[in-house]
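Summary of structural features
Take a look at the letters that make up each chain.
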Amino acid sequence: MVIKTAEYLQSEVDWRKCPAPDKPEYAFIGRSNVGKSSLINMLTNNRNLAKTSSKPGKTQTINHFLMNKTWYLVDLPGYGFARTSKTNREKWQKMISDYLLHRENLQMVFELVDSRLDPQQIDVDFINNLGENGIPFAIIFTKADKISTGKAMSNIQKMKNRLYETWEELPLMIKSSSLSGLGKDQILDYIEEINQQFYNIK
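Attention in this report is confined to the structure presented alongside it. What you are looking at is a predicted structure, and each value in this text was computed from that prediction instead of being measured.

Each value, and the rule that gives it
- Residues numbered from 1 in each chain as written.
- Predicted model: local features only at pLDDT ≥ 70, side-chain atom pairs only at ≥ 80, totals over all residues.
- Heavy atoms only, no water.
- Helix = DSSP H or I, 4+ residues; strand = E, 2+ residues; numbered from the N terminus.
- Contact = heavy atoms within 4.5 Å.
- Areas by Shrake-Rupley, 256 points an atom, 1.4 Å probe, with all protein chains shown as cover.
- Axes fitted to C-alpha atoms, helices over the stretch in contact; angles between N-to-C directions.
- Parallel < 35°, antiparallel > 145°, perpendicular 65-115°, else oblique.
- Left-handed = near helix turned anticlockwise from the far one by under 90°.
- Nonpolar A, V, L, I, M, F, W, Y, C, P; charged D, E, K, R; others polar.
- Pairing = 2+ DSSP bridges.
- Buried < 20%, exposed > 50% of the residue type's maximum accessible area, 1.4 Å probe, protein only.

**What to know about the overall build of the protein**
Helices and strands together make up the secondary structure of the protein, namely five helices and seven strands. If you list the helices and strands of the protein from N to C, you get β-β-α-β-β-α-β-α-β-α-β-α. Partitioning the contacts of the protein with sequence separation of at least 6, the portion at a separation of at least 24 is 75%. For the protein, the exposed surface amounts to about 10,400 Å²; the carbon and sulfur share of it is 46%.

Set out below in structure tokens:
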């Protein structure tokens, strides 16, 4: 798939005010500062589409973008550390949870994990929570350009081993780099495949 048009639609704190659920939708989420906005900009060929920041907690709303007039890309707030109050973090957590549990046209959650790090408990907990709630997801390992291939593969294997403690079958895992474009085609082709199934069913 090639993204020819990418339009910002709206930002909400209430999932019930999101655009009409008439198109397939894909949400991107991860620990704060995992490189989510950079990845979205890489996928869409628009370095200014999602706002990037070196400070965690930049994204604070459910942000909808319309891709190729046919599907929604959603930029969700990061979880974990952010320079904000506990009250705000709790509000974000409820906002994200309500969206993930109730958004009827959500086809896939792309869970972003920093490939430079050993498995983080906060990521494992979030992944297990998705599974417990029956929410389909894939894992994207970010920032692969900032680490050697061997080290990245070692960390990915550690994550697999960690998940195998509670999972019988693992989801799709994709290694990516916002700088080099690694993983771009695989992610977009996967979305296109799901889109075809969505519209055939409709």
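From this point, things continue past the structure.
**Section: the environment of Glu-193**
By the element assignment, Glu-193 lies in helix 5 (residues 184–201). Separated by 192 residues in sequence, Glu-193 and Met-1 have C-alpha atoms that sit 9.3 Å apart.

**Structural notes on the packing of helix 3 (residues 121–132) against helix 4 (residues 149–163)**
One can describe the packing of helix 3 onto helix 4 by two numbers: an axis separation of 11 Å at closest approach and a directional angle of 50°. Here helix 3 is positioned oblique relative to helix 4, judged by the angle of their axes. The hand of the helix 3/helix 4 crossing is right-handed. Of the residues in helix 4, those touching helix 3 at Gln-121, Asp-123, Val-124, Ile-127 and Asn-128 are Met-159, Arg-162 and Leu-163. Here the contact of helix 3 with helix 4 is composed, by residue class, of four nonpolar, two polar and two charged.

**What to know about the sheet that holds strand 4 (residues 71–75)**
Taken in spatial order, the seven strands of this open sheet run 1-3-4-2-5-6-7, and their pairing is mixed. The open sheet terminates on both sides in strands that have one partner only, identified here as strand 1 (6–12) and strand 7 (173–175). When the angles between neighbouring strand axes are averaged without regard to direction, this sheet yields 25°. The pairing of strand 1 with strand 3 (residues 62–67) spans six bridges and is classified as antiparallel. Across the sheet, Tyr-8 pairs through a bridge with Phe-65, a residue of strand 3. Contacts from helix 1 (residues 36–44) reach strand 1, strand 2 (25–30), strand 3, strand 4, strand 5 (106–114) and strand 6 (137–142), with the element oriented near 145° to strand 2. Sitting on the sheet, helix 3 touches strand 2, strand 5 and strand 6, and the angle it makes with strand 5 is about 165°.

**Section: the environment of Ala-20**
Within the secondary structure layout, Ala-20 lies in the loop between strand 1 and strand 2. Overall, Ala-20 belongs to the partly exposed group, its relative accessible area being 45%. Counting along the chain gives 85 residues from Ala-20 to Asn-105, while the straight-line C-alpha distance between them is 9.1 Å. Not counting the four nearest positions on each side in its chain, Ala-20 is found in contact with Tyr-72 and Arg-103.

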